[in-house]
Structures are given as C-alpha cells and as structure tokens.
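Report on the structure
Spelled out, the chains give:
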Amino acid sequence: MKKVSITILLFPVMILFASLVADDQADFVIGQSTPVWEVLEHLGEPSPNHQVNESVNGASAEKGKDLMLIGITKKPKRGKTKKQSKHFVCTSCHNVQKEDPDLSLSNPQARLEYANENGLPYLQGTTLFGAVNRTSFFNGDYEKKYGKLVEPTRHDLRKAIQLCAVECSQGRKMKNWEIESVLMYLWTLELKLKDLNLEDNDYELIQEAISDFKGGKDFETINYIQSFYQKGSPAHFITPPENRKTGYGMQGNPENGKLIYDLSCMHCHEAKRYSFFELDNAKITFRYLKNNFTKYSHSSIYQVARYGTSPKPGKKAYMPQYTAEKMSNQQLEDLRAYIEMMAE
Amino acid sequence: MIRLAIFVILFCFTTFLFSQDFTQQTFKDTKVINTHTVETVVKRKLDVRIGHRFGDIGGGNGGWQTFYGLENAADILFGVEYGITDNITVGLSRTKGAGPLKKLINTSLKYRFFRQKNDDSMPVSMTAYGLWSISTMKQDTSNSEVLNNFPEFSHRSMYCVQILIARKFSDAFSFQVIPSYVHRNLVPFNDDNGLFSLGFAMRIQISKVFGIIVDATFPFSELRTRENGYYPPIGIGLEIDTGGHIFQINFTNARGIMETDYIPYTQSDWSEGQFRLGFTISRTFNL
C-alpha cells in the first residue's frame, strides 16, 4: 500500500520533469556556430571531466590565453607570474587555429597545404583548436617518450596540460588557477558544428534527433557527429631511413619541401626564435644542411626530424620529433630535395 | 619644442624597429675580436662570456720562455650581457685589465636603433654603445706619479661611446665602421683625456659553422704614433658557431679586452711578434 502511494505521488513529478526536458529539447535549435559539445549533451552524452571549475579563484580565459601565447599573465591578486617556460610557449609547437581541412583525418600533406593557404605554421604538436573535444591525450607512442607519466594524462586534460607545461615545454609546474585559466581559454577554441564540414541534411538529421530525444543516450547520432572529428590525436614514432644516402627511396618534390622549410623549420629556427641554431635562406645554410643530411648524428635532418633532440642540463631548449602523422616520409624527402636544390 | 623633437626621433626609431624583414646575423656575435658589433642579445636571453688574451707569442716577452705566451695572461674577462629588449642590451663584466688601470668592473649599454632591411630600404644597421669602466685597483697613496694614486674616486673611471655602423653585403661578407670616443678621467702625464678613433671590422663566412673575422682600430692622436710606441690594435680570428655556443680563436696585438683599455694603451707591435692568442667563449641561456 505504501509503495502504491509513493508511485502515485512520484508519477506527476516524473511527468513534469519529462515535459520540461521535452520543452528544452524542442527549444534547442542548432546552427553553424553551435558548439559540438552542446549538441552532444542534448543527445545524452555526459559532460567531459574537463568542464571548467568556476569555483577556482582568479582564473579567466584571458589569463589562459596570455599563458599559452606569451607565457606570462597577471596573478589573481597583483603582479605578474613568472614565465611558465624560459624556452617555449604553447604556440611554439601547437597552433590554436583549425589546421586540418577534414578533422576526421590525420593527413600531413592536407594539413601542410591547409597551413600554407591559411598562413599557419606546420608544427610537431596537434592544434589546440578543439582540444576540449578530445577525450584522450598524449596518445600512441608518446608513452615511449614520457613513460608512465602519460598514463594519468590520457583521459584527463588538466593533467595533460600540466605534463605539457613541465616536460614538453621544460617549464615550471602550473598552479591550479593557471591550469583552469588555460582550460577556460581552450573552451573558447572548442569545435563548432561549422568546423565539421556538415552537409545541410546532416544538420536536419541532428536537429530531428534532438527534437525526438526522450532521454538516455542517442548513441547513433552521437557516433555520427563524432565521426566528423578525431577524439584523440594519433601518434606513431617512426625511424629515420636506415641508409641515409638513399633516404626513404622516394622522389622528392622541392616545391613541397619549400613549404616545409618555411612553415616548419623556420618557425623555430628563424632568428633563433625558439632554437639556438639559426636557419635562414642563405646558400651557406642550405649547403650545411645538405652536407649533413646523410650523417648519423643530430646534424642530420633525418635524425632530428624522427628522433628530435633531448633537453640537457643547462640547455633545456630541445627539438620535439615529428611523428608519422605530423610529417610523412615523403615530406622529408621533399624537404631534402628543396635543400639540395637551394644548395646548388 | 624639445619634446616635439624627442617625439619625432622616437617615432622614427620605433617605425624602423617595428618594421619586418630585417637582415639577420650581420655578425654572429656581439663582438668581433676587440670591437663590438651591431648585434644585440635577444630579449630575455643571458649571454655568459669568458674572454682570454695570452701573452706575446714572440718578441722579448714571448718565445719558448713563456711557451709562446701561453704561460702569461695579458687580460681575462668574465662577464654577462642581457637582452632587455631585442634592441637593448646591458652588460656587466670584470676584466683583469692590461693598461695602467687594472681590475676593471665594466658596465655597458647597447642600443640598436636602425636595422638593415632585406629590401635595402634601410641599408645599414646602427647601434650605439656606451661603456663605463671603473678600476678597482688598490689605491697607492705613496706614489703620486702612478695612475692608481687616485686622488679622487672619479679618477678610477673611464668611458667609451661608439656608433657601430654595419652592412651585411652578402651571406658571406659583412663590414662595419666604428667611430669611437674614449674618455679617461685620469691619464699619464702629457696624455689627452679624450681620444677619438675609427675602427673597422669584417666577417667572411666560409661555411655555416666557420667564419673569418678581422678588426682594427685607429686612434686619432698625435701622441699615438709608432715613434711613441703605440700601435693600432688589429685582430684576426676564426669564429666557430656550434648553435648555442660561439667560439672565437684569434690573434691580436691588443693586450686589453675592453675599449677603454685597448684603444688608448696598445703598445704591442705585430711586426715584432708582440701579438697573442686569444679566445672568447660565449654561451646563451634563456631566462
């Protein structure tokens, strides 16, 4: 009898709740600028664990932007922070703009052409645009580089930011409010529906799914939306060619190689921006690079592109390597062809 | 009126400084051998420098008895230079000193106000350099004939101002002209306190790593003649850039390293074998 009374009492409450949810769904109209996460949440996808924690005092997206782009920001009370890293800022290795024409693929050549068309550098790190839409970080072979340090970061963006601050940029540990600020800024870079290159009928399909949503989780539509972007950036470390004279055995395209030299090498090495080793467009420089290409040392581009260099005490600025996803073997041969052409 | 003039000058300077496509690396280092270059230390970087000048290779003070000067030290420098901005560098160093005033503490300020541009709309780079050297020698009150008698504290000071004007003609060749003025508050009897000079420097880049560097400074003074035992300081050297480190191995007749030392006091003659091996190691750190 008691159970029946409770059920009778709860029934109108449930009806009221369901109608509120239904009203909310009906009112939610998607458009090109609708954030992807907002759409997913309306289809029952739980919020990610890197939602901003508003209770952290002194954090702001503006400060996060400062930290990422210049490495310094205002402290919550007064004064400025110490530089996060003496050697790098986030944009040394990561873009903060869309860098792939198709976010569902990791295609280095398409990215290079897109970077060239949009005035972006072509970098080792994955763009931070849409980072909050990813669910895994330091993927694949980064475990080989950072060992067990990557394990806790794989599904925790806050920890990934901290690892990047300390290991990748060889800087100081960030405080909670700084990490929260960076997170806030990253949320301003979240994916919108327009970034997914959806067709008109995709919008209709998603809108219909939202309107029809009755609770639970609409796996089908969520998976469909997520098929338009990568939830994690794949990373495969590959080796330099065994025979550095013959290289990877492909014909290089110097025009493409010039793009790599200008958008990638020069990004860090021009006027010693992030590196102590300066590169320019002088014949003398190209001759040096050409003569060292075939060597089995860090003077060889094959070697530094695939293995990078390591931070050392007193010289912590290092070069991160290019994974297969960030520079293909063909592109390395293109770079070699350009350097050889310019050295003549 | 003065404010307007200052504004116009600053406006012109900043216009040039904020323009892009500057010519890079007119010289690889902030010094050639003896002379400074138009180059400044990049913002927030610290350049730690160690310089050494051995004794005479030949002549009366050289040869086997001093193992060709390697057993003597004419001058030694320990110092740092820091980039406040990409165009303003401050420096602090200690040198042993090779002139009559020794144990020098040197502070310097360098400001690059024009930069050569690739399109030649600015054909040269120009940098102003100021140096203040203070001798920390012990005061010798027993002998009023020596410079370190120091009747007044200001007598310990020496100054140098220079305008460095350089052009990178090609990737392999750069040339620099250096009008200078050195002022010593206390000088030997019959010497002039003020001394003008004109210096020249050049770099011939052989490869990405190796370059040949040469510099010379000619003081304008009737007192500084061969007959009076003064010679223009001339240096020639090899510069090695390993990326992060610049090594310079050089030969020069100048004994002193600082401008306040080698411009007024070079009395060693190349033709008598009175030149020495020297080296400078420079290492840049991010701060």
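Residues numbered from 1 in each chain as written. Chains lettered and ligands numbered in written order. Predicted model: local features only at pLDDT ≥ 70, side-chain atom pairs only at ≥ 80, totals over all residues.

**As for the overall build of chain A**
How we decide: Numbering of helices and strands starts at the N terminus; helices are DSSP runs of H or I of at least 4 residues and strands are runs of E of at least 2. Think of it as a crowd count around each C-beta: if 20 or more other C-beta atoms lie within 10 Å the residue is buried, if 12 or fewer it is exposed, and in between it is partly exposed, with C-beta placed from the backbone throughout.
A count of helices and strands for chain A gives 14 helices and zero strands. The order of helices and strands in chain A, counted from the N terminus, is α-α-α-α-α-α-α-α-α-α-α-α-α-α. Taking the principal axes of the C-alpha coordinates as reference, chain A spans close to 90 × 50 × 35 Å. Expressed as a percentage of its 344 residues, the buried residues of chain A come to 35%.

**So, the overall build of chain B**
Our working rule: By definition, residues are in contact whenever their C-beta atoms, placed on the basis of the backbone, come within 7 Å of each other.
From N to C terminus, chain B includes two helices and twelve strands. Helices and strands in chain B line up, N terminus first, as α-β-β-β-β-β-β-β-β-β-β-β-α-β. Each principal axis of the C-alpha atoms in chain B carries an extent, and together these give about 55 × 50 × 40 Å. In chain B, once contacts between residues fewer than 6 apart in sequence are set aside, the share between residues at least 24 apart is 59%.

**A word on the packing of helix H5 (residues 108–117) of chain A against helix H11 (residues 254–269) of chain A**
All names here are of chain A. Quick note on the threshold: As a rule, the C-alpha atoms of each element are fitted with a line to give its axis, helices using only the stretch in contact, and angles between N-to-C directions run from 0 to 180 degrees. When an angle is under 35 degrees it counts as roughly parallel; over 145 it counts as roughly antiparallel; between 65 and 115 it counts as roughly perpendicular; any other value is oblique. Handedness of a helix crossing follows the sense of rotation of the near helix relative to the far helix, less than a right angle counterclockwise being left-handed and clockwise being right-handed. In this classification, the charged set is Asp, Glu, Lys and Arg, the nonpolar set is Ala, Val, Leu, Ile, Met, Phe, Trp, Tyr, Cys and Pro, and all remaining amino acids, among them Gly, are polar.
Viewed as axis vectors pointing N to C, H5 and H11 meet at an angle of 70°, and their least axial separation amounts to 11 Å. When the interaxial angle is binned, H5 and H11 end up roughly perpendicular. Both H5 and H11 take part in a crossing whose hand is left-handed. Along the contact surface, H5 presents Leu112, Ala115 and Asn116, while H11 presents Leu259, Ile260 and Leu263. Here the residues of the contact of H5 with H11 sort into five nonpolar, one polar and no charged.

**Brief notes about the interface of chain A and chain B**
Taken together, the contacts link 15 residues of chain A with 14 residues of chain B. Considered class by class, the residues forming the side of chain A that touches chain B number seven nonpolar, two polar and six charged.

**What about unusual backbone geometry?**
Here Gln170(A), not a glycine, exhibits a phi torsion of approximately 55°, which is positive. Examined against the element boundaries, Gln170(A) turns out to sit in the loop between helix H7 (157–168) and helix H8 (176–188). Gln170(A) sits in the partly exposed class, given 17 other C-beta atoms within 10 Å. With phi around 65°, Arg44(B) is a residue other than glycine that occupies positive phi space.

**Considering the pairing of strand E7 (residues 173–184) of chain B**
All names here are of chain B. Put simply, the rule reads: Following DSSP output, two strands are said to pair if at least two bridges run between them.
Burial along E7 is one-sided: Ser174, Gln176, Ile178, Ser180, Val182 and Arg184 are buried, while Phe173, Phe175, Val177, Pro179, Tyr181 and His183, pointing the other way, are not. Both strand E6 (residues 157–170) and E7 contribute to a ladder of ten bridges, which runs antiparallel. Counterpart to Arg167 in the pairing with E7 is Phe175. Linking E6 back to E7 in an antiparallel pair, the connection comprises two residues. Bridge count for E7 against strand E8 (residues 194–205) is eleven bridges, and the pairing is antiparallel. Note on E8: the bridge partner recorded for His183 is Gly194.

**Some thoughts on the environment of Gln162(A)**
All names here are of chain A. Relative to the elements of secondary structure, Gln162 occurs in helix H7. Classification of Gln162 as buried rests on a count of 20 C-beta atoms within 10 Å. Separated by eleven residues in the primary sequence, Gln162 and Lys173 have C-alpha atoms spaced 6.6 Å apart. Those residues in contact with Gln162 that sit more than four places away from it in its chain are Lys173, Met174 and Ile179.

**Observations concerning the sheet that holds strand E4 (residues 104–114) of chain B**
Residue and element names in this part refer to chain B. The strand order around the closed barrel formed by twelve strands is E1-E2-E3-E4-E5-E6-E7-E8-E9-E10-E11-E12, and the pairing between neighbours is antiparallel. For this sheet the average axis-to-axis angle between neighbouring strands, irrespective of direction, equals 20°. Strand direction decides the pairing type here: E8 and strand E9 (residues 210–220), joined by ten bridges, are antiparallel. Bridged to Leu198 within E9 is Phe218.

**Focus: the pairing of E6(B)**
Two elements, strand E5 (residues 125–135) of chain B and E6(B), share ten bridges in a ladder whose sense is antiparallel. Its bridge partner being in E6(B), Ile134(B) is matched across the sheet by Ser157(B).

**Quick word on the confidence of the model for chain B**
Residues and elements named next belong to chain B. Applied cut-off: One confidence number per residue, pLDDT, is output by the predictor and ranges from 0 to 100.
Averaged over every residue, the pLDDT of chain B is 91; the share at 70 or more is 93%. Confidence drops under pLDDT 50 across residues 11–19; counting only partners more than four residues distant or on other chains, this segment forms six contacts. Interface predicted TM-score (ipTM) for the complex: 0.77; the corresponding pTM is 0.84.

**Some details on helix H14 (residues 329–343) of chain A**
One full turn of an α-helix is made of 3.6 residues, so residues set three or four places apart face in the same direction. All names here are of chain A. Here is the rule: Expected helix span is computed as 1.5 Å times (number of residues minus one).
Here H14 spans 21 Å end to end across 15 residues, near enough to the 21 Å set by a 1.5 Å rise per residue. Residues of H14 that are buried include every one of Gln331, Leu332, Glu333, Asp334, Leu335, Arg336, Ala337, Tyr338 and Ile339, and no others. Contacts from the buried residues of H14 go to H5, H11, helix H12 (283–293) and helix H13 (301–307).

**A few points about the confidence of the model for chain A**
Predicted coordinates in regions of low pLDDT should not be interpreted in detail. Taken residue by residue, chain A gives an average pLDDT of 92. The fraction at 70 or more is 92%. Below a pLDDT of 50 lies the segment residues 15–20 of chain A, which in the model reaches zero contacts outside its immediate sequence neighbourhood of four places, other chains included.

**Considering the nonpolar core**
For clarity, the cut-off: By definition, a nonpolar core groups buried Ala, Val, Leu, Ile, Met, Phe, Trp, Tyr and Cys residues that connect through C-beta atoms lying within 7 Å of each other. Where each domain starts and ends comes from a domain assignment, either automatic or drawn from a database.
Judged by nonpolar contacts, the single largest core of 53 residues is most densely connected at Ile161(A) and Val182(A). Taken together, domain 2 (61–102 + 123–188) and domain 3 (254–343) of chain A each give at least three residues to this core, which thus spans both. Among residues more than four places away in sequence, those in contact with Ile161(A) are Met174(A), Ile179(A) and Val182(A). Listed in part, the 28 residues of the second largest apolar core include Phe27(B), Leu101(B), Ala254(B) and Met258(B).

**With respect to the packing of helix H3 (residues 61–69) of chain A against H8(A)**
Residues and elements named next belong to chain A. Closest axis-to-axis distance for the H3/H8 pair is 7 Å, and the angle between their directions is 95°. On the basis of their axis angle, the class for H3 and H8 is roughly perpendicular. Listed contacts from H8 to Ala61, Lys63, Gly64, Lys65, Leu67 and Met68 of H3 are Glu178, Ser181, Val182, Leu183, Met184, Tyr185 and Thr188.

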